[in-house]
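Tertiary structure, described
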Amino acid sequence: MPEISLFCGIRITMFYSDHNPPHFHAEYAGQKALVDIQEGCVIRGALPARQLKLILAWCELHRDELMQNWKLSKDAKPLNRINPLM
């Protein structure tokens, strides 16, 4: 599972053979969530409110790059790193 970004202790990853809808995995302090890229919401799991707010803001800023990575993952191509939230 390639790591595409890391910020504020939050690890963002994508699986190559993952299911629709387009999403990414976020992990913080042992807690995990799947985040829908297009809707900007949690599909499954939970994270602390502060970290979730950061992740959703990051998702909004990088939606196009996340969708590009989703398409690359479907073609089993290397994923691009995405800048962290600063």
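See the structure shown above.
These figures come from a predicted structure and were not determined experimentally.

Observations concerning the pattern of salt bridges
In this structure the tally under the stated criterion is two salt bridges. Among the salt bridges present, the one from R11 reaches E3, with a minimum N-O distance of 2.9 Å. By relative accessible area, which is 29% here, R11 ends up partly exposed. The partly exposed category is assigned to E3, whose relative accessible area is 29%. In this structure, E3 and R81 form a salt bridge, with 3.3 Å as the shortest nitrogen-oxygen distance.

A word on the state of the cysteines
Disulfide: a covalent bond formed between the sulfur atoms of two cysteine residues. For the structure on display, the rule yields zero disulfides. Left unpaired, C41 is separated from the closest cysteine sulfur, that of C59, by 9.0 Å.

Cut-offs applied
- Residues numbered from 1 in each chain as written.
- Predicted model: local features only at pLDDT ≥ 70, side-chain atom pairs only at ≥ 80, totals over all residues.
- Heavy atoms only, no water.
- Salt bridge = Lys/Arg side-chain N within 4 Å of Asp/Glu carboxyl O.
- Buried < 20%, exposed > 50% of the residue type's maximum accessible area, 1.4 Å probe, protein only.
- Disulfide = S-S within 2.5 Å.

Read these as geometric descriptors, not functional statements.
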